[in-house]
Structures are given as structure tokens and as C-alpha cells.
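Residue-level structural notes
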Amino acid sequence: MTAVTFPNRLKLASLPTPLTRLTRFELINSDTRVWVKHDEMTGTEISGNKIRKLEFIFAEAEAHGCRTIITCGGIQSNHCRATAVMAARLGYRAHLILRGEKPTIMEGNLLMDYLAGALIDYLPQEQWSTHTDLGQRLVEAYASRGEKALFVPIGASDEIGLWGYIAACYELREDFRQHNLQPDYIVCATGSGGTQGGLIVGTELFDLPSKVVAFNVCDNATYFDRKIRDDVTRWNQRYKMNVDVGELSVTTVEGYVGPGYGIARPVVFELITELARTEGLFLDPVYTGKAFYGLLSELAKRDDGALAGARDVVFIHTGGLFGVFPQQSNFDFTQ
């Protein structure tokens, strides 16, 4: 195991989160044992994987005297909601740049953003390519008033945010020891690459026995390969680490995005319902529902799938519960 010195970190999440095995949900055409790392339990209002990254992001803001966090994402962004709530809790200002037009009804994550007092700018889809420029202009605008602001990219997925799931791998190492477990795969959804990248680096640093496999909910495998290698390169440079970027195994399984980002096929909603009824496990239709459906589909392929030969698989539940509510019309309540 490589000796790792973590940078400054605020203890914001409820950690460690549980690791439990699914026992009542029936897998079709597979005898693989599926375990769930319950990162939806990192904190009730915060919930999900984002808070692990924000522990390091807010420490960075604090170190530089920033009292405003500017960040961006979709209208139902889990990351933006987590940032807004944590900013309120710590006495910061959150300024969000959200993709799309302002809706007439505030619900789900967006409702939480407003309740937490976030300032919000909406940027139409056709102008979204300029969101980073807008973020930098906002940083400059705050500076002109004598205030320091930190711009955080989508999903807090950068060289600082990587630490969130590098640290999670240290936690998983203890989970595996307690359960006498050597999982063949660690599976997650990937949307901005930070969780996937952190897991890939963390499994190497802490000698975990598992291969990281991610199911994309947007973009494609080529994008995530490039994004993660770029993030890790900057992480190496910033923190004087020497992970071999060229040797990283970045495995992103395509084919489960469905009609588009945030749009799921009926089979995903059916799966969400079944898991809730059999295990009390709540997934969302944007991230975890699609990734878990991908996991089941690949396991059913046995030796021909992306999870070939799996005896034990750990699924990282990254949260996203608030994303269920705006899509309630897609569930069948007649069953």
C-alpha cells in the first residue's frame, strides 16, 4: 500500500457508510453476490457521493478565505443541491449556474436549492458551452467587491474532488476486511467522472482487489477516459504524487444511457420500484437506476459481459433521491 497524506479536509459527512449485501432481490441468470456501499447515507439533506468531494472543496475554500462557492450543473443537479445546503450549514454563499430555463414549478433538488438560499443564474442549453466563462466572470465580479469566491466545476470533479473517493477507498479497505470480502468489481454510475476517477486511483493506492467499472449516464467512454486521465495528471502535479496515468484502467460501459441524460426507459423505473419493495433500497432514474440496470444486464451475460466471472460485486450507491420526485409520473402505481 502506498503511503498517502491527505490534504486539509472538513468532516462534513456521516462516515463510514454501511456496506451490506442484497439478500431478497432476485438476480436473473446470475449467482453473483451484490453488495451496496450506502453512500446515500452520507447525510440526510446532503445525501450521496457529492459530500465526500465537498469535504475537500470547502477546506480549499476555507484555506483561501473564500466565502462564496460558485458551481454549476443541471436544474436537478445533486451536486448543486449538496453545495447549496452545505454552504448554508457552514455560513457560505452558494451561487449556482444551472443549465436550462427557469421552470414554473420548483421541485426536487431545485426546491432544495431555493430553500437553502442559493443565488441562481439560468443558462440556456444553447449557451451551456460558456458556463465556465460565466463562472470566472462571477469570480471576478465578487473580487471587484472585495469578496473571494471559489469556482467549482460540474460535480466537483477535478483534482481536488478526486480526494473524495480516494478517501472512500481507504474506507472500503476496512469494509472488505470486516466482511472478509475480496470483490471482483466495484461498480458506479459516472456523470462527471470524479467518483469514477477517485475510485480508480484509490484502488491502486490502497491495493484493493477490485476492478472499477462505471456505467455512463451521459457522454461516452472516450470522454471519460480523457477526463479522468486529465484530472489525475493535474492531481499528480498539484499533490506531488506519481500515479502512472498511462497505466490506469478506465473502464466505462456504454449502452445504458437510454434516451438521454436524465431520461430513463420504463425498465429502469420498474427496477427502482422492485428494489424499493424487496430491499428498501431507493435508486434514482438519472444515475443509480441506470447503473444498477447496467450491472444486472452485464451479470446476466455471464462470461461475455463487462463483469465476467464476478463472484462479489460492490455497487456504490451515490444517492440522488431528490431526483425521483420530479419524475414520479413515470412510475406505475397500479401494481
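Our subject in this report is the structure included herewith.

About the thresholds
- Residues numbered from 1 in each chain as written.
- Predicted model: local features only at pLDDT ≥ 70, side-chain atom pairs only at ≥ 80, totals over all residues.
- Heavy atoms only, no water.
- Helix = DSSP H or I, 4+ residues; strand = E, 2+ residues; numbered from the N terminus.
- Contact = heavy atoms within 4.5 Å.
- Buried < 20%, exposed > 50% of the residue type's maximum accessible area, 1.4 Å probe, protein only.
- Phe/Tyr/Trp six-rings, centres within 6.5 Å; stacked < 30°, edge-to-face > 60°.
- Lys NZ or Arg CZ within 6 Å of the ring centre and 35° of its normal.
- Pairing = 2+ DSSP bridges.
- Axes fitted to C-alpha atoms, helices over the stretch in contact; angles between N-to-C directions.
- Patch = residues over 30% accessible without salt bridge, like charges linked within 9 Å, V, L, I, M, F, W, Y side chains within 5 Å.
- Areas by Shrake-Rupley, 256 points an atom, 1.4 Å probe, with all protein chains shown as cover.
- Salt bridge = Lys/Arg side-chain N within 4 Å of Asp/Glu carboxyl O.
- Lys, Arg positive; Asp, Glu negative; His and termini not counted.
- Charge placed at Lys NZ, Arg CZ, Asp CG, Glu CD.
- Polar contact = N/O pair within 3.5 Å; in protein donor to acceptor, adjacent residues only side chain to side chain.

Before going further, it helps to examine the environment of Lys 102. Summarising the element assignment, Lys 102 is placed in the loop between β4 (93-99) and α3 (108-115). Sequence spacing of Lys 102 and Arg 302 is 200 residues, and the spatial spacing of their C-alpha atoms is 45 Å. Not counting residues up to four positions away in its chain, the partners in contact with Lys 102 are Tyr 114 and Tyr 122.

Turning our eyes to something else, we now look at the environment of Pro 209. Summarising the element assignment, Pro 209 is placed in the loop between α6 (194-205) and β8 (211-216). Its relative accessible area of 41% is what places Pro 209 among the partly exposed residues. Through-space distance from the C-alpha of Pro 209 to that of Glu 126 is 44 Å; in sequence the pair is 83 residues apart. Dropping the residues within four chain positions of it, Pro 209 is found in contact with Phe 176, Gln 182, Pro 183 and Asp 184.

Among all positions of α3, only Gly 108, Asn 109, Leu 110, Met 112 and Asp 113 are buried. Of the surrounding secondary structure, the elements contacted by the buried residues of α3 are α2 (78-90), β4 and β5 (119-123). Just past α3, the residue Gly 117 takes up positive phi, approximately 85°.

The final tally for this structure, using the stated rule, is 13 aromatic pairs. Here the aromatic rings of Phe 25 and Phe 292 are separated by 6.1 Å at their centres, their planes lie at 75°, and the arrangement is edge-to-face. In this pair, Phe 25 sits in the loop between β1 (19-21) and β2 (33-38) while Phe 292 sits in helix α9 (residues 288-300), placing the two residues 267 residues apart along the sequence. One Lys or Arg, Arg 67, reaches over the ring of Tyr 92 and ends 3.8 Å from the middle of that ring.

Turning to the sheet that holds β5, a few remarks are in order. Ordered in space as β5-β4-β3-β6, the four strands form an open sheet in which the pairing is parallel. Edge strands, defined here as strands with exactly one partner in the open sheet, are β5 and β6 (149-152). Along the sheet, successive strands turn relative to each other by an average axial angle of 20°, direction set aside. Of the pairings in the sheet, the one linking strand β3 (residues 68-74) to β6 comprises four bridges and is parallel in character.

Turning our eyes to something else, we now look at a negative patch on the surface. Taken together, Glu 204, Asp 207, Asp 244 and Glu 247 make up a surface patch of like negative charges. Mapped onto the fold, Glu 204 is located in helix α6.

The residue Asn 236 is located in helix α7 (residues 221-239) in this model. At a separation of 3.4 Å, a polar atom in the side chain of Asn 236 contacts the main-chain amide nitrogen of Asn 242. With sequence-adjacent residues up to four places away left out, Asn 236 is seen in contact with Met 241, Asn 242, Val 243 and Val 245.

Let us look at the pairing of β2. Judged by how many residues are buried, β2 sits mostly within the fold: five of six residues are covered. Examined bridge by bridge, β1 and β2 share three bridges and lie antiparallel to one another. The residue of β2 that forms the bridge with Arg 21 is Trp 35.

Looking now at the pattern of salt bridges. Going through the model one piece at a time under the given rule, you end up with 19 salt bridges. Where Lys 37 meets Asp 175, a salt bridge forms, and the shortest distance between an N and an O atom there is 2.6 Å. Here Asp 175 lies in helix α5 (residues 162-179) and Lys 37 lies in strand β2, a separation of 138 residues in the sequence. Look at Lys 37 and you get buried, because its relative accessible area is 1%. You can call Asp 175 buried: its relative accessible area is 8%. Linking Arg 52 and Glu 171 is a salt bridge whose minimum nitrogen-to-oxygen distance equals 3.0 Å. With a gap of 119 residues between them, Arg 52 in helix α1 (residues 50-63) and Glu 171 in helix α5 connect regions that are remote in the sequence. Residue Glu 171 is classed as buried on the basis of its relative accessible area, which comes to 12%. When salt bridges with common partners are traced through the structure, they connect Glu 60, Glu 159, Lys 227, Asp 231, Arg 234 and Arg 238 into a single cluster.

Time to look at the sheet that holds β2. Strand pairing in a sheet relies on backbone hydrogen bonds. The paired strands run either parallel or antiparallel. Judged by pairing direction, the sheet is mixed, and its six strands sit side by side in the order β1-β2-β10-β7-β8-β9 without closing on themselves. Both outer strands of the open sheet, β1 and β9 (251-253), are each paired with one neighbouring strand and no more. Sheet twist, expressed as the mean angle between neighbouring strand axes with direction ignored, is 30°. Against the sheet, α9 contacts β2, β7 (185-190), β8, β9 and β10 (312-317), and its axis sits at roughly 170° relative to β10.

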